[in-house]
Protein chains: 2
Amino acid sequence: MKKIGRQTVRFPSPPAIVGFGSAVGTKEGQGPLGQCFDFVGKDDSFGEKSWEKAETAMQKKALSFALKKAGIQTGQLDYILAGDLLNQCIATSYSLRSQNVPFFGLYGACSTMAESLSLGAMLVDGGFANYVAALTSSHFCSAERQYRNPLEYGGQKPPTAQWTTTGSGAVILSKKGKGPYITHVTTGKVVDKGITDANNMGAAMAPAAYATLKAHFEETGREPAFYDLIVTGDLGSLGKEIVIDFFRRDGVDLSGCYHDCGVLLFDPKTQDVHAGGSGCGCSAVVLTGHLLREFQQGRLKNLLFCGTGALHSPTSTMQGESVPGICHAVAISTEKGGTQ
Amino acid sequence: MKKIGRQTVRFPSPPAIVGFGSAVGTKEGQGPLGQCFDFVGKDDSFGEKSWEKAETAMQKKALSFALKKAGIQTGQLDYILAGDLLNQCIATSYSLRSQNVPFFGLYGACSTMAESLSLGAMLVDGGFANYVAALTSSHFCSAERQYRNPLEYGGQKPPTAQWTTTGSGAVILSKKGKGPYITHVTTGKVVDKGITDANNMGAAMAPAAYATLKAHFEETGREPAFYDLIVTGDLGSLGKEIVIDFFRRDGVDLSGCYHDCGVLLFDPKTQDVHAGGSGCGCSAVVLTGHLLREFQQGRLKNLLFCGTGALHSPTSTMQGESVPGICHAVAISTEKGGTQ
């Protein structure tokens with residue numbers, strides 16, 4: 001068994017990240033990470049006639065940049081693992097209908113990039129694939145009209161609400177390569193502490209992030225300080241503080257090595273996104289635009305990438321249900337054993 | 001590499017099916033397979049106040065029957081792989097929030113049972129799990145108001161339309177056990193031949209079923225007659241005829257060993273379901289209620305279980321998009337090498 005605890009797998013043959021690509025919308029391009037992305041859209045339509053089709057177009061762009069950097073053709077991919085936030089994950093189905101690659105569809109809400117990396121790494125380490133693509137996206141406009149209201153309605157949000165990222169990220173995992181490597185994954189359980197405010201997803205997901213991080217540290221025997229950076233994606237500024245608070249109660253200070261993708265993506269002084277970015281695309285583009293470049297430039301050696309998802313829907317909210325959360329952690333290191 | 005072709009994996013250590021459970025609605029209980037199910041609801045509400053919660057309740061029942069037959073506790077499951085048809089897969093999130101098991105959410109439309117069995121088998125054979133649960137559901141009433149209209153509207157459907165099954169199925173896979181075993185999986189690609197009629201999903205999905213079956217036969221070197229039974233789920237009566245037609249053009253006669261779960265579940269003479277059953281729950285309950293019992297009773301030795309999904313949404317239909325299909329095939333045999 002490759003499991004070293006209830007939730008954590010250590011890979012005997014850690015899969016290498018050999019390519020990554022990102023495509024984002026205009027607002028994301030104007031943020032602090034704006035220079036990092038492979039493609040920044042001029043008007044968020046990506047040349048398409050609907051927001052849903054725009055999201056599909058973004059996915060195709062992100063995947064093609066990732067394949068290019070990996071130096072492989074689409075036909076060399078053994079599997080694509082992908083999903084998005086739209087009902088029935090249509091951004092993904094339509095982006096993959098032209099790809100001719102065996103496909104597993106995933107739904108993990110905003111945790112989907114971490115989920116696809118987790119399963120993708122298992123397929124590579126398990127001997128089922130030489131190359132796997134992990135792919136996800138979200139689009140502010142397609143999400144806004146599905147989850148809340150059409151943009152034209154001009155609805156207001158409370159300060160705890162987050163801003164759905166317009167972006168798509170793709171990662172190519174390979175059996176061989178010079179790294180960085182996925183060394184461990186810690187898979188989340190559904191955690192629901194009873195938050196019913198769908199405009200406060202940071203608070204709803206923070207307990208899931210705390211639970212998975214705690215399991216990861218216990219099962220690997222690693223301290224938080226082992227990592228140059230621990231990122232959640234996407235709890236926003238409020239959810240981030242809650243996670244820091246939870247660990248503080250345990251006598252653990254996370255504040256020096258912990259950040260959140262939803263906070264990293266936008267500048268709170270010049271870009272009004274309330275509590276920060278969200279959406280499958282948020283952690284995906286922070287990983288593929290920013291964090292994996294930090295590895296290339298030698299500024300990161302050990303990263304714990306934690307995708308967080310709110311597993312509710314407008315229907316469950318209308319029925320008075322609370323918001324279940326989940327968090328999947330993926331350990332990425334320059335060395336196969338994890339650098340010390 | 002355990003891949004023996006572009007789409008097919010042969011498992012060196014085939015995972016055993018050690019438990020399976022099913023829960024269905026009243027109409028399904030009145031059909032030709034009615035006696036096979038572990039639980040038949042009296043009124044499709046399963047004691048809950050909304051159809052969505054009823055679907056969640058069904059999932060819990062199906063999983064608990066499967067665990068009982070496997071003789072294990074929930075806490076022994078390494079992973080649950082699950083999904084459903086509802087927006088953001090809420091039937092699944094809410095059924096799993098009480099389970100305390102690492103969870104990967106899937107979306108494969110009506111192919112989800114085959115998708116979860118495929119990935120589940122990879123996680124077991126790959127050394128990541130001793131026990132995995134594959135779980136899925138659909139509910140006529142929750143689907144009807146999401147995809148089409150509230151029941152009270154009384155909308156009429158054309159004869160090509162299918163009837164969403166009220167049912168949930170769960171399968172427990174294990175590293176050890178006396179079988180039957182999952183010996184091979186052939187993972188589908190997205191196939192879209194341009195069908196735009198969302199009331200004719202059988203025609204939309206049939207090309208995907210044909211493509212995956214063809215790949216399975218080519219890559220395994222098996223003839224259709226190797227299998228006692230090949231089932232698709234769920235093309236309905238029309239889609240089934242299209243698949244038979246496609247193979248007839250290739251000079252292959254499938255008619256003697258091929259059936260469809262959507263056709264098997266209801267009696268067309270006494271139950272008006274138009275072209276047959278559909279929904280994630282349909283192939284799931286035909287597998288867990290009927291087919292796996294046939295193995296137990298020695299009437300099946302080699303089964304090719306092919307989940308078929310239509311990867312569209314009401315939004316994509318309204319935008320004039322065609323319906324992409326996918327099909328994942330799972331080979332189940334009494335012998336680890338596949339009985340001859």
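Each remark here, short or long, concerns the structure printed above.
Since we're looking at a predicted model, the values are computed, not measured. (Residues numbered from 1 in each chain as written. Chains lettered and ligands numbered in written order. Predicted model: local features only at pLDDT ≥ 70, side-chain atom pairs only at ≥ 80, totals over all residues. Heavy atoms only, no water.)

1. Some remarks on unusual backbone geometry
Note the threshold: Every helix listed is a DSSP run of H or I at least four residues long, and every strand listed is a run of E at least two residues long, numbered separately from the N terminus. Buried residues are those whose accessible area, probed at 1.4 Å on protein chains only, stays under 20% of the maximum for their type, while exposed residues exceed 50% and partly exposed ones sit between those limits.
Along the chain, Gly179(B) connects to Pro180(B) via a cis peptide bond; the corresponding omega equals 10 degrees. Inspection of the secondary structure puts Pro180(B) in the loop between β8 (167–174) and β9 (181–186). The omega torsion of the bond from Gly233(B) to Asp234(B) falls at 15 degrees, within 30 degrees of zero and hence cis. At Asn100(A), a position not held by glycine, the phi torsion is positive, near 60 degrees. On the secondary structure map, Asn100(A) appears in the loop between α3 (90–96) and β5 (103–105). Its relative accessible area of 47% is what places Asn100(A) among the partly exposed residues.

2. Quick notes on the interface of chain B and chain A
The test is simple: Working rule for contacts: check all heavy atoms of both residues, and any pair within 4.5 Å makes them a contact. Throughout, buried area stands for the accessible area (probe radius 1.4 Å) lost by two parts on being put together, summed over both. Salt bridges are counted wherever a side-chain nitrogen of Lys or Arg sits within 4 Å of a carboxyl oxygen of Asp or Glu. As used in this structure description, the phrase polar contact means that two N or O atoms lie within 3.5 Å; if the pair is within protein, one of them must be able to donate a hydrogen and the other to accept it, and residues adjacent in sequence are counted only when both atoms belong to side chains.
Counting from both sides, the interface comprises 66 residues of chain B and, opposite them, 66 residues of chain A. Together chain B and chain A conceal approximately 5400 Å² of surface at their shared face, both sides included; 56% is due to carbon and sulfur atoms. Our count for the contact surface shared by chain B and chain A stands at 8 salt bridges. Across the pair Glu321(A) and Arg97(B) runs a salt bridge, and its minimum N-O distance is 3.0 Å. On inspection of chain B and its partner chain A, the count reaches 42 residue pairs in polar contact (both at pLDDT 80 or more). Mapped by element, the contributors of at least two residues to the side of chain B that touches chain A are α2 (51–70), α3 (90–96), β5 (103–105), α4 (112–125), α5 (140–148), α10 (314–318) and β14 (325–333) of chain B. With 6 residues, α4(B) is the single largest residue contributor to the side of chain B that touches chain A.

3. Section: the environment of Gly256(B)
Tracing the chain through its elements places Gly256(B) in the loop between α7 (236–249) and β11 (258–260). The exposure class of Gly256(B) is exposed, given its relative accessible area of 75%.

4. A few points about empty space enclosed by the protein
The condition that has to hold: Grid points spaced at 1 Å over the protein atoms alone were grouped into cavities, where a 1.4 Å probe fits but cannot get out, and pockets, open sets with protein on both sides within 12 Å along at least five of seven lines, with lining residues defined by an atom within 4 Å of a point. Grid points are joined across faces, edges and corners, and a volume is the space filled by probe spheres set on the points. We call Asp, Glu, Lys and Arg charged. Ala, Val, Leu, Ile, Met, Phe, Trp, Tyr, Cys and Pro are nonpolar, and the rest, Gly among them, are polar.
Within the structure shown, the criterion is met by 6 cavities of 30 Å³ or more. Within this model, the largest cavity holds a volume of roughly 60 Å³. If you go around the largest cavity, the residues you meet are Glu52(A), Lys53(A), Thr56(A), Ile90(A), Ala91(A), Tyr94(A), Ser316(B), Gln319(B) and Glu321(B). Elements that contribute at least two residues to the lining of the largest cavity include exactly α2 (51–70) and α3 of chain A. Of the residues belonging to the lining of the largest cavity, the class tally is 3 nonpolar, 3 polar and 3 charged. Counted as a void, the second largest cavity has a volume near 50 Å³. Lining the second largest cavity, in full, are Arg148(A), Thr160(A), Ala161(A), Gln162(A), Ala198(A), Asn199(A) and Met201(A). Here the residues of the lining of the second largest cavity sort into 3 nonpolar, 3 polar and 1 charged.

5. Here's the deal with the packing of aromatic side chains
Put simply, the rule reads: What counts as a ring pair is set by centres within 6.5 Å for rings of Phe, Tyr and Trp (its six-membered ring), and what kind of pair is set by the plane angle: stacked under 30 degrees, edge-to-face over 60, tilted for all other angles. A positively charged side chain is recorded as over a ring if its NZ (Lys) or CZ (Arg) lies within 6 Å of the ring centre. The angle to the ring normal must also be within 35 degrees.
One pass over the structure, following the stated rule, counts 16 aromatic pairs over all chains. Taking the centre distance of 6.0 Å and the plane angle of 40 degrees together, the rings of Phe39(A) and Phe46(A) count as tilted. Relative to Phe11(B), the ring of Phe128(A) lies with its centre 5.9 Å away and its plane at 75 degrees, an arrangement referred to as edge-to-face. Placement of the pair is Phe128(A) in the loop between α4 (112–125) and β6 (131–138) and Phe11(B) in the loop between β1 (8–10) and β2 (16–24), with the two residues belonging to separate chains. Assessed through its relative accessible area of 0%, Phe128(A) is described here as buried. With relative accessibility at 3%, the residue Phe11(B) sits in the buried group. Members of the aromatic cluster, joined through ring pairs, are Tyr210(A), Phe217(A), Phe246(A) and Phe247(A). Cation over ring: Lys3(A) sits above Tyr79(B), and NZ or CZ is 4.3 Å from the ring centre. The positively charged end of Lys27(B) is found above the aromatic ring belonging to Trp163(B), 4.0 Å away from the centroid.

6. Some words on the pairing of β9(B)
Within a regular beta strand, the side chains point alternately toward one face of the sheet and then the other, so they alternate between its two faces. All names here are of chain B. Here is the rule we go by: Two strands qualify as a pair provided DSSP detects at least 2 bridges between them.
Buried residues dominate β9, accounting for 6 of its 6 residues. Where β1 meets β9, 3 bridges bridge the pair, whose relative direction is antiparallel. Within β9, the position partnered with Thr8 by the bridge is Thr186. Bridge analysis of β9 against β14 gives 5 bridges, and the strand direction is antiparallel. Of the residues in β14, the one forming a bridge with Thr186 is Ala329.

By themselves, these observations are geometric and do not establish any function.
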